[in-house]
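Coordinate analysis (summary)
Next come the chains, spelled out residue by residue.
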Amino acid sequence: AAPTRVFAFRDARWVPDPVLEPSAAVRSPQPVPLVIDNGSFQTRAGWACPDPAVPAEPLLRFRSLAARSRGARGGAGAETQVGNDLGSPEPLRWLLRSPFDRNVPVQLELQELLLDHVFQRLGVSSQGCVDHPIVLTEAVCNPLYSRQMMSELLFECYQVPKVSYGVDSLYSFYHNRRQNWPCSGLVISSGYQCTHILPVLEGRLDAKNCKRINLGGCQAAVYLQRLLQLKYPGHFAAITLSRMEEILHEHSYVAQDYIEELQKWRCPEYYENNVHKMQLPFSNKLLGSTVASEEKQEKRQQQLRRLQELNARRREEKLQLDQERLDRLLYVQELLEDGQMDQFHKALVELNMDSAEELQSYINKLSLSVEQTKQKILQSEVNIEVDVVDSKPETPDLDPVGSEQSLEDVESINEFEPLFAEEQPEVEKPVAAVQPVFNLAEYHQLFLGTERIRAPEIVFQPSLIGEDQAGIAETMQYVLERYSKEQQAILVQNVFLTGGNTMYPGLKARIQKELLEMRPFQSSFQVSLASSPVLDAWYGARDWAVEHMAREEGWISRKDYEEKGGEYLKEHCASNVYVPIRLPKQAPRAAEAPSRASGTGNPSEQA
């Protein structure tokens with residue numbers, strides 16, 4: 001039998017980041033660099049310090065998101081929460097904001113909130129400024145305007161002494177190839193928003209031949225959410241983006257041959273052995289679906305007894321009121337019989353009566369009503385006793401006195417008899433014959449079959465989601481064809497995979513298969529995966545910062561910023577290529593004026 005593959009969603013809540021106390025080695029003998037991997041999915045920050053007392057790992061890891069609530073009316077103002085302080089993204093999904101457009105930071109107000117969070121939680125204690133050098137990652141071929149705004153934010157707002165910019169995937173490549181650096185290779189970086197193909201020649205990025213695919217983990221999560229919402233419309237609200245990301249991270253894989261893998265999923269036996277069932281939260285309470293017939297019968301009997309007791313209580317109250325009024329009327333009649341006429345007439349006025357005949361008529365009516373009420377009370381007591389013995393009420397014999405009212409009461413009780421008559425045949429059935437309509441837990445399960453491979457496949461076949469782009473294989477072949485055969489052979493000997501979206505099982509084998517199809521016969525190639533695809537970018541930036549801490553190479557000082565502008569970049573082994581802005585030179589107006597004058601001064605020459 002196939003093993004049961006039922007998995008529960010973790011729905012883990014984010015734990016707020018504490019305010020850390022930095023070690024003394026961070027500031028002495030001089031402030032050490034602060035490394036920030038500014039990713040569109042997650043921000044990672046830590047110190048680049050060679051001292052073993054300082055952890056050589058990112059101390060902060062949080063989602064690059066911020067939410068600003070409107071605040072209560074008449075109370076405190078708007079509250080801004082960043083990263084892990086949000087707790088869970090789903091309740092605030094409509095309030096979440098990111099500073100990134102694709103993988104480029106464009107909202108500098110939100111970027112400032114993220115940097116404030118980093119500096120505060122890392123315990124940067126300098127007054128009025130951040131006196132640590134900053135190593136910051138940026139996008140491949142980052143637009144000059146984005147770098148200019150980032151440099152302006154760092155130098156003008158935080159007063160940092162110097163900044164260095166680098167590409168995250170190149171830092172990861174540098175961290176995994178330090179022993180053989182400088183080296184050449186083809187870096188495939190797939191992140192949350194984009195996928196890049198980066199050729200590296202002799203340790204430097206060849207920016208002219210870089211290519212980007214606008215697909216990543218975000219698009220895969222949205223595609224998976226749409227697939228499951230169409231498949232399970234009854235659980236539309238429960239299929240959230242956070243849960244889809246959890247499925248991608250833990251239950252998805254890349255098929256080595258997509259069409260062949262789909263054919264395997266058509267086999268029922270293969271489906272049963274490989275399907276993953278995701279259990280949604282649910283409640284075990286069902287309204288009346290699993291209640292036994294005997295319990296239903298008992299509940300209805302209890303309802304009937306409760307109704308009878310309520311009617312008996314009302315009759316007793318009515319009897320008590322009628323009896324008190326009858327006693328008062330009899331007292332007034334005794335005044336008439338005793339000859340106390342003054343008191344008799346006063347009592348008649350209080351009772352709103354005109355004569356003794358009217359008083360006698362009321363006394364007769366009340367006496368009859370009291371007697372009838374007593375008969376009804378006796379009748380209800382007999383019905384309750386019969387119901388206890390025979391489990392079904394019967395109509396007792398009534399005395400002639402008050403027979404009409406007694407029959408009316410019996411008819412009101414008999415209205416409930418058809419309800420119980422329908423249940424009588426079920427009393428004889430065994431309880432085991434009543435089965436639930438469906439398995440409630442199974443109804444709240446998401447069966448992941450081909451969805452496990454369809455979502456990651458979009459980076460190889462963007463047409464699955466209607467994108468008119470080339471996949472990784474076609475883009476990789478296009479990049480390789482821009483080089484000579486000798487350079488191609490060098491590049492494919494070091495194909496390097498990095499980024500959070502490359503952690504799918506089977507992705508490395510799929511890249512090897514695609515290379516095998518596009519490379520010449522009997523040619524060799526080598527594909528490797530980063531030791532830690534998510535964190536290697538930060539580790540590489542830390543390695544570079546420790547090595548170049550005392551050098552000028554790659555650092556942009558405040559003087560450089562003031563002289564050459566915010567878009568200025570000092571290149572290094574893991575940076576972008578700096579392309580300055582070249583504005584077309586305009587002819588001076590002073591030189592143009594004489595030529596115009598000479599042209600207009602001699603009309604004969606113009607003719």
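Residues numbered from 1 in each chain as written. Predicted model: local features only at pLDDT ≥ 70, side-chain atom pairs only at ≥ 80, totals over all residues. Heavy atoms only, no water.

Per an unreviewed UniProt entry, the chain is named Actin-related protein 5, and its organism is Loxia curvirostra. Looking at the chain in UniProt, the text filed under Sequence similarities (unreviewed entry) is "Belongs to the actin family. ARP5 subfamily." (UniProt positions renumbered as here; feature names shortened; annotations may be inferred.)

Counting its regular elements, the chain contains 21 helices and 20 strands. Burial analysis of the chain (607 residues in total) assigns 45% to the buried set. Of the roughly 33200 Å² that the chain leaves accessible, carbon and sulfur atoms contribute 51%. (Helix = DSSP H or I, 4+ residues; strand = E, 2+ residues; numbered from the N terminus. Buried < 20%, exposed > 50% of the residue type's maximum accessible area, 1.4 Å probe, protein only. Areas by Shrake-Rupley, 256 points an atom, 1.4 Å probe, with all protein chains shown as cover.)

Closest axis-to-axis distance for the helix H1 (residues 108-121)/helix H2 (residues 144-157) pair is 11 Å, and the angle between their directions is 50°. With respect to each other, H1 and H2 are oriented oblique. The way H1 lies across H2 gives a crossing that is right-handed. On the side of H1, the interface is formed by Leu108, Gln111, Glu112 and Leu115, while H2 contributes Met149, Met150, Leu153, Leu154 and Cys157. Of the residues contributing to the contact of H1 with H2, the split by class is 7 nonpolar, 1 polar and 1 charged. (Axes fitted to C-alpha atoms, helices over the stretch in contact; angles between N-to-C directions. Parallel < 35°, antiparallel > 145°, perpendicular 65-115°, else oblique. Left-handed = near helix turned anticlockwise from the far one by under 90°. Contact = heavy atoms within 4.5 Å. Nonpolar A, V, L, I, M, F, W, Y, C, P; charged D, E, K, R; others polar.)

Take the layout of surface pockets next. In this approach, a probe sized like a water molecule rolls over the atoms, and the result shows the empty space that is left. Its boundaries defined by the atoms lining it, the second largest pocket holds a volume of some 290 Å³. Lining the second largest pocket are 18 residues; nearest its centre among them are Leu65, Ser98, Tyr192, Gln193 and Cys218. Every element with two or more residues in the lining of the second largest pocket is listed here: strand S7 (96-97), helix H4 (217-231) and helix H5 (241-251). In terms of residue class, the lining of the second largest pocket is built from 9 nonpolar, 4 polar and 5 charged. (1 Å grid on protein atoms, 1.4 Å probe; cavity = no way out; pocket = protein on both sides within 12 Å on 5 of 7 lines; lining within 4 Å. Points joined across faces, edges and corners; volume = space filled by probe spheres on them.)

Tallied over the entire structure, the rule returns 3 cavities of 30 Å³ or more. Forming the boundary of the largest cavity are Asn38, Pro105, Leu136, Thr137, Glu138, Asn142, Ser146, Arg147, Met150 and Tyr165. Residue assignment for the lining of the largest cavity shows that the elements contributing at least two residues are strand S10 (134-138) and H2. Here the lining of the largest cavity is composed, by residue class, of 4 nonpolar, 4 polar and 2 charged.

With that settled, consider the pattern of salt bridges. Applying the stated criterion to the full structure yields 23 salt bridges. The salt bridge partner of Lys264 is Glu261, with a shortest N-O separation of 4.0 Å. Here Glu261 and Lys264 lie together in helix H6 (residues 258-265), a separation of 3 residues that amounts to about one turn. In this structure Lys264 comes out as partly exposed when scored by relative accessible area, which is 36%. Given the relative accessible area of 9%, Glu261 is considered buried. When the shortest N-O distance is used, the salt bridge between Glu562 and Arg558 registers 3.3 Å. A residue pair is termed a helical-turn pair when its members lie 3 or 4 positions apart in one helix, as Glu562 and Arg558 do in helix H19 (residues 558-564) at 4 residues. Glu562 sits in the exposed class, given a relative accessible area of 54%. (Salt bridge = Lys/Arg side-chain N within 4 Å of Asp/Glu carboxyl O.)

Moving on to the sheet that holds strand S20 (residues 556-557). Spatially, 6 strands are ordered S4-S3-S2-S10-S11-S20 in an open sheet, and the strand pairing comes out mixed. Looking at the sheet topology across the chains shown, the edges are occupied by strand S4 (60-63) and S20. Those strands touched by helix H18 (residues 536-547) are strand S2 (34-38), strand S3 (42-47), S10 and strand S11 (162-167), and its axis lies near 150° from that of S2. (Pairing = 2+ DSSP bridges.)

Counting buried residues in S2 gives 5 out of 5 residues, a clear majority hidden from the surface. When S2 meets S3, the two strands line up antiparallel, connected through 5 bridges. Across the sheet, Val35 pairs through a bridge with Gly46, a residue of S3. Here S2 folds back onto S3 in antiparallel fashion, the turn holding 3 residues. Relative to S10, S2 runs parallel, the two sharing 3 bridges. Considered in S10, the bridge of Leu34 is made with Ile134.

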